[in-house]
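Listed below are the residues making up each chain.
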Amino acid sequence: MSLQGQRIVVVGGTSGIGLAVAEAAAQEGADVVVASRSASRVESALKLLPEGAEGHPLDVTDEASVEAFFGRVGAFDHLVFTAGEPLTFQPLATMDLTLGRSFLEARLWGTYAVVKHGGPLIREGGSVVLTSGTVARRPMAGTSVAAGLCGAMEALTRALALELAPVRVNAVAPGVVRTDLWRDLPEADRAELYRATADSLPIGRVASPEDIAETYLYLMRGGVSTGSVVVVDGGTVLV
């Protein structure tokens, strides 16, 4: 199935994987709508996207804002959710529960609000593509919040595939990707993370947002997959 002429809403579509999805879909002839919390990022993203792309600020933790956003957007074909703050990695003993809750609020409950209000507007043959991560399958010490979130996202994907049927619902589970989700790490630590990850992977490199975006497009195009979580991690779960 071609994405030509399809209307695609990408929540979190102003940077990283989300922006790569929006750019790739637009290159295939889709009409794209991007949204994120930062108005300045929306403006920057629209400069990179083809003429006619739409962009709106959106706080996914504010349900009234989410409802109003979809009231402006109207009917569309595919919904992609990649929004989220930088990853939270802390040992259980020192985890700030307020920080942990805010992480889940944006990524888990934000997803829920977006699908609740966006799902009824998806046209026949459309889909939802959510975002998880390989930490649910291969957690490490200090990743309990992120692992719990990703496990919840995978379960939510399967449940929503039944509740929203015949709209298809799937998720993508990337490994480490070169995005600004790692921006809170000092530059030297970030470079070392990428180097060590590349050295450990069978493919010998860290994925780019463009690498991962291909999986979102595949799940939008395909008319059969639903309730699936597609791992695109360069072999992370193998090693």
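Below, the structure is looked at part by part.

Scoring rules and cut-offs
Residues numbered from 1 in each chain as written. Predicted model: local features only at pLDDT ≥ 70, side-chain atom pairs only at ≥ 80, totals over all residues. Heavy atoms only, no water. Pairing = 2+ DSSP bridges. Helix = DSSP H or I, 4+ residues; strand = E, 2+ residues; numbered from the N terminus. Right-handed = clockwise from strand over helix to strand, strands pointing away. Buried < 20%, exposed > 50% of the residue type's maximum accessible area, 1.4 Å probe, protein only. Salt bridge = Lys/Arg side-chain N within 4 Å of Asp/Glu carboxyl O.

Observations concerning the pairing of strand β3 (residues 54–57)
Consideration 1: Relative to β3, strand β2 (residues 31–36) runs parallel, the two being bridged by 4 bridges. Bridging across to β3, V33 finds its partner in E54.
Consideration 2: In the classification by handedness, the crossover that spans β2, the intervening helix α2 (residues 39–48) and the parallel β3 is right-handed.

Side note on the environment of K47
Consideration 1: Looking at the secondary structure, you find K47 in helix α2.
Consideration 2: Looking at K47, the relative accessible area reads 72%, which means it is exposed.
Consideration 3: As a C-alpha pair, K47 and A196 span 149 residues in sequence and 34 Å in three-dimensional space.

Here's the deal with the pattern of salt bridges
Any two side chains of opposite charge can pair, given that their charged atoms come close.
Consideration 1: If you walk through the whole model with that rule in mind, you get 9 salt bridges.
Consideration 2: In this structure, the salt-bridge partner of K116 is E63, at a minimum N-O distance of 2.7 Å. Linking K116 in helix α4 (residues 97–118) with E63 in helix α3 (residues 63–73), this pair joins segments that are 53 residues apart in sequence.
Consideration 3: For K116, a relative accessible area of 48% corresponds to the partly exposed category.
Consideration 4: Between R195 and E192 there is a salt bridge whose closest N-O contact spans 2.6 Å.

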